[in-house]
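# Report on the structure
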Amino acid sequence: FESKLDEGGILIYNSSLIEEYENENAYPVPANDIALELSNPRVANMVMLGAYLKLKPIFTLEEIYPVLKDFLGESKQNLLEIDFEAIKRGFQLFEVA
């Protein structure tokens with residue numbers, strides 16, 4: 001996907017599945033490993049979302065929670081806390097200047 005990046009774009013890859021990738025715009029995220037630490041392998045995508053939101057700060061964590069709650073709706077509120085924790089874990093992976 002590197003060839004599809006816009007100038008200044010970022011490439012986030014699942015380092016649980018892909019060995020180190022050398023590119024200044026590539027960021028490793030051990031999404032599967034973190035999801036397993038959270039005892040739910042299905043939240044790897046939320047870990048990736050959290051990493052993206054840290055690297056491209058279009059929303060704060062405080063703004064994400066109510067949006068996630070609304071997105072999940074009443075029928076999936078049982079997923080709210082684990083999804084948000086996964087987002088936080090991805091968010092905490094990187095320091096952004």
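Okay, so let's go over this structure. (Residues numbered from 1 in each chain as written. Predicted model: local features only at pLDDT ≥ 70, side-chain atom pairs only at ≥ 80, totals over all residues. Heavy atoms only, no water.)

### Quick look at the overall build of the protein chain
Applicable threshold: Think of it this way: any DSSP run of H or I at least four residues long counts as a helix, any run of E at least two long counts as a strand, and we number them from the N terminus. Here the radius of gyration uses the C-alpha set of atoms, whereas the globule reference equals 2.2 Å times the residue count to the power 0.38. Each residue's exposure class comes from its accessible area (1.4 Å probe, protein chains only) as a fraction of the maximum for that residue type: buried when under 20%, exposed when over 50%, partly exposed otherwise. The method behind every accessible area is Shrake-Rupley, applied with a 1.4 Å probe, and residues are considered shielded solely by the protein chains displayed. Neither His nor the chain ends is counted toward charge; the positive residues are Lys and Arg and the negative residues Asp and Glu. The atoms used to mark charge sites are NZ of Lys, CZ of Arg, CG of Asp and CD of Glu.
Secondary structure assignment for the protein chain yields four helices and two strands. Starting at the N terminus and walking to the C terminus, you meet the elements of the protein chain as β-β-α-α-α-α. The globule rule puts the C-alpha radius of gyration for 97 residues at 13 Å, and the 14 Å found for the protein chain is close to it. Each principal axis of the C-alpha atoms in the protein chain carries an extent, and together these give about 40 × 25 × 25 Å. Within the protein chain, the proportion of its 97 residues that are buried is 36%. Total accessible area on the protein chain is roughly 6600 Å²; 53% of this is exposed by carbon and sulfur atoms. Distance between charge centres in the protein chain, computed from 8 positive and 17 negative side chains, equals 7 Å.

### Some details on the pattern of salt bridges
Worth spelling out the cut-off: We define a salt bridge as a contact between a side-chain nitrogen of Lys or Arg and a carboxyl oxygen of Asp or Glu at a distance within 4 Å.
Summed over the entire model, instances satisfying the criterion amount to two salt bridges. Glutamate 85 serves as the salt-bridge partner of lysine 88, at 3.3 Å between the closest nitrogen and oxygen. On the criterion of helical spacing, the pair formed by lysine 88 and glutamate 85 is a turn pair, its members being three residues apart in helix α4 (residues 80-91). For lysine 88, a relative accessible area of 26% puts it in the partly exposed group. Classification of glutamate 85 as partly exposed rests on a relative accessible area of 28%.

### Considering the nonpolar core
Basically, it comes down to this: In this text, buried Ala, Val, Leu, Ile, Met, Phe, Trp, Tyr and Cys residues form a nonpolar core when linked through side-chain atoms within 4.5 Å. Residues count as neighbours in contact if any of their non-hydrogen atoms are within 4.5 Å of one another.
Val29, Val47, Leu68, Ala86 and Ile87 are the most contacted members of the largest nonpolar core, which has 24 residues in total. Looking at this core, the elements with two or more residues in it are α1 (31-37), α2 (44-55), α3 (61-72) and α4. If we ignore the near neighbours within four places in the chain, the residues touching isoleucine 87 are Met46, Leu49, Gly50, Leu61, Ile64 and Leu68.

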